[in-house]
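Spelled out from the first residue to the last, the chains are:
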Amino acid sequence: MTSIYSYSLEDLTKLMQAMGQSSYRSKQIFSWLYQKRVASFDEMSDIAKGFRERLKENFNFYRPTMRLKQESSDGTIKCLFRLEDGQEVEGVLMHYVYGYSVCVSSQVGCNMSCAFCASGLLKKKRNLTPAEMLGQVLYFDEMLRARDPSTHVTHVVVMGTGEPFDNYDNVLSFIRIINSQFGLDIGARHITVSTCGVVPGILKFGKEGLQVNLAISLHAPTNEIRDQLMPINHAYPLEQLIPAIIQYGKDSGGRRVTFEYILIKDVNDTIDCARQLAKLIAPTFGYVNLIPYNPVMENGFERSPDQNIELFHNFLLQKHIKSTVRKEFGSDIDAACGQLRAKHKDGN
Ligand code: SF4
């Protein structure tokens, strides 16, 4: 039986039609699920009892359950969610001046093996379903509303464990559910998908007609450095990645990407690297989000000194590359991706 939370409005409409119902039925169900937040078909009082019974035979209300919660003094909340097969994934809630953002995991583990990432230590076990991604958002949204009815989740970033374009169709359904005006109604400009650089996914995504943001985990200005940090670069080196991003911009009506760039001491944080980076990305008109490295494991990488971060940032600005240094969240909890889950698995 499939979770009703796994269906986008478009998919549910097709299903309802196949079950002999009008297309209006799917909007009714969406409204019960996401506006009235009911958790049983019996509560959907404007749907005939006979059809509610048929719905019960075909769908359930499965969502991941919250297992462990860590709350930082800066308001960041990290949760470990248990899935129905016993696997666990992390989701994080961050409080910004402009609202509340949830960082969603899209896979159990990850096969991309980025050298700086705790999530990549655990190989991919499986993809998450749309219901399992949505469940992370709904948990935080309901928690916020219970604390203060005027607050709710305003932004979603698919930037947790997993490579979203390695789970393309499920991630797309998830985005359609949270973006739908009958679903969570989170504006497309408030949704960001982050890829490590899966070129076919970038090209496909550009043609979906969505207005959501795309972030590219770049982290290096040359193939030589990127090969060391991100094995995906062997499959899709910079001479393929950058043209794909330019093509994405054309196909998506001029959407600009954000480049994520983790600054690691003596690896990618020199002025030479900043110079190469500025030259590399200039044709894309993309923004750069500089992220001070958060040392989480024994890999020999260290955080860039503040002085290097400032010099790097200023150099990009001088070259007219829009760039910001990301605020660090949850420094007093296991905030880095995969850290809480790894620790819990170790029995700590
Ligand atoms: S950074 Fe992202 S793509 Fe790379 S290993 Fe970690 S979760 Fe996977």
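The structure presented is a predicted model; accordingly, all values stated were derived computationally and were not measured. (Residues numbered from 1 in each chain as written. Predicted model: local features only at pLDDT ≥ 70, side-chain atom pairs only at ≥ 80, totals over all residues.)

**Student:** Residues and numbers for the domain arrangement of the chain, please.
**Tutor:** Once the domains are mapped, the chain shows domain 1 (2-60) and domain 2 (65-345). Put simply, the middle of domain 1 and the middle of domain 2, counted by C-alpha atoms, are 32 Å apart. Facing 11 residues of domain 1, the contacting portion of domain 2 comprises 12 residues. When residues of the side of domain 1 that touches domain 2 are traced back to their parent elements, those giving at least two are helix H1 (9-18) and helix H2 (24-35). It is H2 that contributes the most residues to the side of domain 1 that touches domain 2, four residues altogether. In the side of domain 1 that touches domain 2, the residues fall into four nonpolar, four polar and three charged. (Domains from an automatic or database assignment. Contact = placed C-beta atoms within 7 Å. Helix = DSSP H or I, 4+ residues; strand = E, 2+ residues; numbered from the N terminus. Nonpolar A, V, L, I, M, F, W, Y, C, P; charged D, E, K, R; others polar.)

**Student:** With reference to specific residues and values, describe the packing of helix H10 (residues 271-281) against helix H11 (residues 306-318).
**Tutor:** The N-to-C vectors of H10 and H11 enclose an angle of 30°; their axes lie 9 Å apart at closest approach. The orientation of H10 relative to H11 falls into the category roughly parallel. The way H10 lies across H11 gives a crossing that is right-handed. Of H11, the residues touching H10 (which contributes Ile271, Ala274, Arg275 and Ala278) are Leu311, Phe312, Phe315 and Leu316. The residue inventory of the contact of H10 with H11, partitioned by class, reads seven nonpolar, no polar and one charged. (Axes fitted to C-alpha atoms, helices over the stretch in contact; angles between N-to-C directions. Parallel < 35°, antiparallel > 145°, perpendicular 65-115°, else oblique. Left-handed = near helix turned anticlockwise from the far one by under 90°.)

**Student:** I'd like to hear about the pairing of strand S9 (residues 153-158), residue by residue, with values.
**Tutor:** As judged from the four bridges shared by strand S6 (residues 99-103) and S9, these two strands associate in the parallel manner. In the sheet register, serine 101 faces S9, and the bridge partner there is histidine 155. Handedness of the β-α-β unit built from S9, helix H5 (residues 168-179) and strand S10 (residues 191-195) comes out right-handed. (Pairing = 2+ DSSP bridges. Right-handed = clockwise from strand over helix to strand, strands pointing away.)

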